Amino acid sequence: MDLATLRARLDARPRTLLATLPTPLRPLPRLRAALGPETPELRAKLDEETGFGLGGNKVRKLEFELAPDRIRDATHLVTTGGPQSNHCRVTAAAAARLGLGCVLVINGPVPENPTGNARLHRILGARIRSVADRAERAAALAQVAEEIGAAGGRAVVVPLGASTPHGALGYVHALVELHDQMPPEADRAVQLFVSSSSGGTLGGLWAGLALLPRADLQVTAVSADTPRDELLERARTLARGALELLGADPDQVEAVAPRVDATDAEVGPGYGLPTEASDEAVDLLARSEGVLVDPVYTAKAAAGMIRWIREGRFPAGDRIVFWHTGGHPALLA
Ligand SMILES: Cc1ncc(COP(=O)(O)O)c(C=O)c1O
C-alpha cells in the first residue's frame, strides 16, 4: 500500500484522542558506548511518554479500541489484568476521562497497602473485582458485564491488554510515526525490539510492516511471559485483523513474516520475576541514559536487545530501536 493511502485509511478509522503524539525518538549514545565499540547506532522510541494516565503502549491501543462508535451508550468500561496491570491503569484513566464507570477484574491476592499500579487503579476510581487466578478472569468479566446490564447500564468489555484488531491499529499508526522520524537509509536495516505479552503491540507493528512501502524494518518481540510460538501466533492473528480493518488483504502479513521474530529467552522464572539480565538492564538504562525501564516488561525487552547486541548479531551499519512501552509504576510497587 502506498504511504498516502495508508495514512488516509488510518485517519479514516474512528479514534478517541488520548495520547501525546508523536513520542520522541531519542539517541542512546551513552548506552551504546557502554555496550562496546561494535555496537550499532541505538535509539529509544519513548512510548513511555504517550502521557495519558502515566502513558505507555496501552494509550495508543485504547485510542482505537475505545473509538466513539464503539463506546456509544456505554456506561462502564470493564477490563482485566494482574494486580500491577498497566492496561487496567490506562483503562481506568480513560473511563474517568470519558465520564464512564470502570470495573477491573484483577487476579491474585488483594494488597493490604496497594502500591504502584494497584494504587493508581484505586485513585482513578475503578471498582475492583478480585478473582483467585488468571483462569477465572474471563468468566468474571462476563459476569460483571451482565450485572451492569441487569442494573440498566451498558458495559463495554475491553479484552486483556486491549489486544484486539482495533487496539493493534494503534501500533500500525505508531509504525507510520516511526517511519516519519526514521526514513529508510540505503543498505541499513532497522532492528526494533519491543516487549510483548498479549500480542497487540507486536500485531500492530507486524501489520504496519506489511503495509509500509519499505523493507528495511525488522521486529523482535521479547516475551514477558508467553512462549515464543504462541506469541507469534497471537500477533499474526491480530495483524491479520488489523489489515482487514484497513481494507487490506490479510495475507500480506505472511509476506513479511520473515521480518518478525520473537524470543522467550528473557522470561526467566516467570512473569514479573526479575532475572540477572533484567536487573542489569534496569540499572544500565537508568545510569547511562536516565531512561527508566520497568521490571515486568521493558527491562526484559532491553535485556533481550542487550544480549543480541553482545552476541554480535547485528552489522555495525544497522540501526537499533528500543521501543519503550512504558510501565514505570511497577518500579514503585
Ligand atoms: C509496559 C508494557 N510493555 C509491554 C506490554 C506488552 O504489550 P502487549 O500486551 O501488546 O503484547 C505491556 C502489556 O502487557 C505493558 O504494560
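One structure accompanies this document, and this report is about it. (Residues numbered from 1 in each chain as written. Predicted model: local features only at pLDDT ≥ 70, side-chain atom pairs only at ≥ 80, totals over all residues. Heavy atoms only, no water.)

## Notes on the pattern of salt bridges
Part 1 of the argument: If you walk through the whole model with that rule in mind, you get 25 salt bridges.
Part 2 of the argument: The salt bridge involving Asp47 is made with Arg60; its shortest N-O contact spans 2.8 Å. One end of the pair, Asp47, is in the loop between strand S2 (41–46) and helix H3 (57–65); the other, Arg60, is in helix H3, and 13 residues separate them in sequence. The same class applies to Asp47 as to Arg60, namely buried.
Part 3 of the argument: Residues Glu177 and Arg60 are paired through a salt bridge, measuring 2.8 Å at the closest nitrogen-oxygen approach. Residue Glu177 is found in helix H7 (residues 165–181), and its partner Arg60 is found in helix H3; the two are separated by 117 residues along the sequence. By the burial criterion, Glu177 is buried, and Arg60 matches it.
Part 4 of the argument: Through salt bridges with shared partners, a single network forms among Glu41, Arg43, Glu185, Arg188 and Arg319. (Salt bridge = Lys/Arg side-chain N within 4 Å of Asp/Glu carboxyl O. Helix = DSSP H or I, 4+ residues; strand = E, 2+ residues; numbered from the N terminus. Buried < 20%, exposed > 50% of the residue type's maximum accessible area, 1.4 Å probe, protein only.)

## So, the packing of helix H11 (residues 276–289) against helix H12 (residues 298–310)
The relative placement of two packed helices is expressed as an angle between their axes plus a distance between the axes.
Part 1 of the argument: Relative to each other, H11 and H12 sit at 90°, their axes nearing to 8 Å. One finds that H11 runs roughly perpendicular with respect to H12. Contacts between H11 and H12 involve Ala277, Ser278, Glu280, Ala281, Val282, Leu284 and Leu285 from the former and Ala299, Lys300, Ala302, Ala303, Ile306, Arg307 and Arg310 from the latter.
Part 2 of the argument: When grouped by side-chain class, the residues that make up the contact of H11 with H12 number nine nonpolar, one polar and four charged. (Axes fitted to C-alpha atoms, helices over the stretch in contact; angles between N-to-C directions. Parallel < 35°, antiparallel > 145°, perpendicular 65-115°, else oblique. Contact = heavy atoms within 4.5 Å. Nonpolar A, V, L, I, M, F, W, Y, C, P; charged D, E, K, R; others polar.)

## Brief notes about the site of the ligand
Part 1 of the argument: Residues in contact with the ligand amount to 16 residues; listed here are only the nearest, Lys58, Lys61, Ser198, Thr201 and Thr325.
Part 2 of the argument: Taking Lys61, its side chain carries an N or O atom lying 2.6 Å from an oxygen atom of the ligand.
Part 3 of the argument: In this structure, Ser198 approaches the ligand through a side-chain N or O atom, which is 2.5 Å from an oxygen atom.
Part 4 of the argument: For the ligand, the protein covers 97% of the area, taking 380 Å² as the surface of the free molecule.
Part 5 of the argument: When contributions to the shell around the ligand are tallied by element, the ones reaching two or more residues are H3, strand S7 (190–196) and helix H8 (200–211). (Near = heavy atom within 4 Å. Polar contact = N/O pair within 3.5 Å; in protein donor to acceptor, adjacent residues only side chain to side chain. Areas by Shrake-Rupley, 256 points an atom, 1.4 Å probe, with all protein chains shown as cover.)

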